[in-house]
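Letter by letter, the chains look like this.
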Amino acid sequence: MSSRAHRSARHGRRSRRGLRIPVIAAGVATVAALGAAWAGTQALRSPGSAAASASASASASVEAQSRTELAPGTVFVPPADPSSAPATPSASAPAPVPPAEARGSAGASPSPAGSKPGPAAAAPAAKREPAASAPKTTAKAAFAPGYDSAADGQQALDAALRAAAADGKQVLLDFGANWCGNCKAADKVFGQPATNALLNDSYHLVKIDIGSQNSANFSILRKYSSGGGSYKMPVLIVLSPPGTVRTDTHQSGNPALTADGLGSFLRQWS
């Protein structure tokens, strides 16, 4: 009897062990399936991020290569970033201003009924015309070489366009850098009496620094000279009084930086 009970107990333990094996196997299979699903999800996500990462590294390497392979007297101007462009506020129309007669009549109190009109106002005395004065002569501005890195390029450009609209002169934009040898050579010629006379007679000169990596000045350059990348300095751009580009040496190439070359350039676009 005891031997039968002992055999029955051993058979029960074997049965329980037999039941555990399928349960463990099923658990292992479930974990493996979950792992495969997670790996598949990561595989679906990874191509986009990998492509974006590869694109970013490629553009960074191109930019770095462009910076390191610049020829002397050139500067690298990165392309515009559309996401960084400020939103343009909508301009509200100003309130109409009433004419002087309407403002005067609106402020006057009505005359009571039956009141007598007052005496007629005396006619104003005739104004004496001032004697004609001799036209004022303004001294020509002395040429200042170099580029002011602290100057507001847009403010200087706006002032030059306002002056050009008044006197009909052209606006000459001179983009350069204080460390640029070609810019220094051009400055020497611009400072010579004959060339300086051409500048003063026909142009409003605006010198804008692009050698100190000023993003605002880069924006002005990109506005009037399309694209980005490597610019050979100085970049000379002639604008008409309304602000239209007439010529751009980034596209046409610089003239010879001599009295004859720059003088011919200034006479051609004056």
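Residues numbered from 1 in each chain as written. Predicted model: local features only at pLDDT ≥ 70, side-chain atom pairs only at ≥ 80, totals over all residues. Heavy atoms only, no water.

Draft legend 1. Quick look at the overall build of the protein chain. In terms of helices and strands, the protein chain carries 8 helices and 6 strands. In the protein chain, the order of α-helices and β-strands from amino to carboxyl end is α-β-α-α-β-α-α-β-α-β-β-β-α-α. Within the protein chain, the proportion of its 270 residues that are buried is 25%. Contacts in the protein chain between residues far apart in sequence, at least 24 positions, make up 73% of those at least 6 positions apart. Working note: accessible area of the protein chain is about 18,200 Å², and carbon and sulfur atoms make up 60% of it. (Helix = DSSP H or I, 4+ residues; strand = E, 2+ residues; numbered from the N terminus. Buried < 20%, exposed > 50% of the residue type's maximum accessible area, 1.4 Å probe, protein only. Contact = heavy atoms within 4.5 Å. Areas by Shrake-Rupley, 256 points an atom, 1.4 Å probe, with all protein chains shown as cover.)

Draft legend 2. A look at the confidence of the model for the protein chain. Of the residues in the protein chain, 51% reach a pLDDT of 70 or more, and the chain-wide mean stands at 73. Counted against residues more than four places away or in other chains, residues 130-139, with its pLDDT under 50, gives 0 contacts. (pLDDT = per-residue confidence, 0-100.)

Draft legend 3. Quick peek at the environment of glutamine 170. Along the polypeptide, glutamine 170 turns up in strand 2 (residues 170-176). Taking the C-alpha atoms as reference points, glutamine 170 and histidine 204, 34 residues apart in sequence, are found 6.3 Å from one another. If we ignore the near neighbours within four places in the chain, the residues touching glutamine 170 are Ser202, Tyr203, His204, Val238, Leu239, Ser240, Pro241, Arg246, Trp269 and Ser270.

Draft legend 4. Inspection of the packing of aromatic side chains at higher detail. Per the counting criterion, the structure on display carries 1 aromatic pair. Residue placement shows lysine 207 over the ring face of tyrosine 147; its charged tip is 4.1 Å from the ring centre. (Phe/Tyr/Trp six-rings, centres within 6.5 Å; stacked < 30°, edge-to-face > 60°. Lys NZ or Arg CZ within 6 Å of the ring centre and 35° of its normal.)

Draft legend 5. Inspection of the nonpolar core at higher detail. By size, the foremost hydrophobic cluster in this structure holds 25 residues, and its most contacted members are Val171, Leu173 and Phe175. Elements supplying a minimum of two residues to this core: strand 1 (74-77), helix 3 (153-167), strand 2, strand 3 (203-209), helix 6 (215-224) and strand 5 (235-239). The contact partners of leucine 173, leaving out residues within four places of it in the chain, are Leu157, Val206, Tyr224, Val235, Leu236, Ile237 and Leu239. Counting residues in each nonpolar core, the second largest holds 13 residues, with Leu172, Ala186, Leu262 and Trp269 among its members. (Core = buried A, V, L, I, M, F, W, Y, C linked by side-chain atoms within 4.5 Å.)

Draft legend 6. Spotlight on the packing of helix 4 (residues 181-190) against helix 8 (residues 259-268). Where helix 4 contacts helix 8, the two axes come as close as 10 Å, and the packing angle between them is 75°. When the axis of helix 4 is compared with that of helix 8, the two are roughly perpendicular. Two secondary-structure elements touch here, helix 4 through Ala186, Val189 and Phe190 and helix 8 through Ala259, Leu262 and Leu266. For the contact of helix 4 with helix 8, the per-class residue count stands at 6 nonpolar, no polar and no charged. (Axes fitted to C-alpha atoms, helices over the stretch in contact; angles between N-to-C directions. Parallel < 35°, antiparallel > 145°, perpendicular 65-115°, else oblique. Nonpolar A, V, L, I, M, F, W, Y, C, P; charged D, E, K, R; others polar.)

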